[in-house]
Amino acid sequence: MNKVQYVRSQGQFQDHGCHWPGCTRQVPPAKWGCTPHWFALPKDLRDRIWKAYVPGQEIAKNPSPAYLAVANEAQQWIREFLERKAVPAQGSLL
Ligand SMILES: [Zn+2]
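Read on for a plain summary of the structure.

Rules used in this analysis
- All residue numbers refer to position in the chain's written sequence, counted from 1.
- With the structure being a predicted model, the display of local features is reserved for residues of pLDDT at least 70 and the display and counting of side-chain atom pairs for 80 or more, all residues being used for whole-chain, interface and lining totals.
- In computing side-chain values, all of the structure's heavy atoms are included and hydrogens and water are not.
- Residue exposure (1.4 Å probe, protein chains only): buried if accessible area is under 20% of the type maximum, exposed if over 50%, otherwise partly exposed.
- Distances up to 2.8 Å from the metal define which N, O and S atoms are donors, and 3.2 Å serves for Na, K and Ca; water is absent from the atom set, so sites may look incomplete.
- Any coordination sphere not matching a tetrahedral pattern (four donors, all angles between 85 and 135 degrees) or a square planar or octahedral pattern (four or six donors, opposite donors over 155 degrees apart, other angles between 65 and 115) is reported as irregular.
- Here a helix means four or more residues in a row that DSSP labels H or I, a strand means two or more in a row labelled E, and each is numbered from the N terminus.

**Description of unusual backbone geometry**
In step 1: If you check the backbone angles, K61 has positive phi at about 55 degrees while not being a glycine.
In step 2: Of the residues examined, K61 reaches a relative accessible area of 58% and is grouped as exposed.

**Concerning the coordination of the zinc ion**
In step 1: Protein ligation of the zinc ion involves C18 (SG), C23 (SG), C34 (SG) and H37 (ND1), the donor distances falling in the range 2.0 to 2.3 Å.
In step 2: What the four donor atoms of the zinc ion show is an angle range of 100 to 119 degrees at the metal, which sorts the shape as tetrahedral.
In step 3: Summarised as a motif, the one-chain spacing of the donors to the zinc ion is C-x4-C-x10-C-x2-H. Of this pair, C23 sits in the loop between α1 (3–9) and α2 (35–40) while H37 sits in helix α2; the two residues are 14 residues apart in sequence, bridging distant segments of the chain. An identical accessibility class is assigned to C23 and H37; each is buried.

The values are spatial; any link to function lies outside them.
Rendered as structure tokens:
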């Protein structure tokens, strides 16, 4: 079974939310986040999260340092993305 088949076959078996800050959607633990938020990430980040993901890490709870590094990078990217989005909205009121 390849990685795509593995992830698709994994259901929602434990409490696990989307990793997007503030998102409360439940997603299967094999997935990083809900579909809209996953695709909100730049392709480069998605590719690297996907590459670093090792099937079963969400069960063994032993993600590799490479996965944790890129997962942190994604959180950083989201923070900057949300800040960028906030600035023009405030600026237009001035
Ligand atoms: Zn989400």
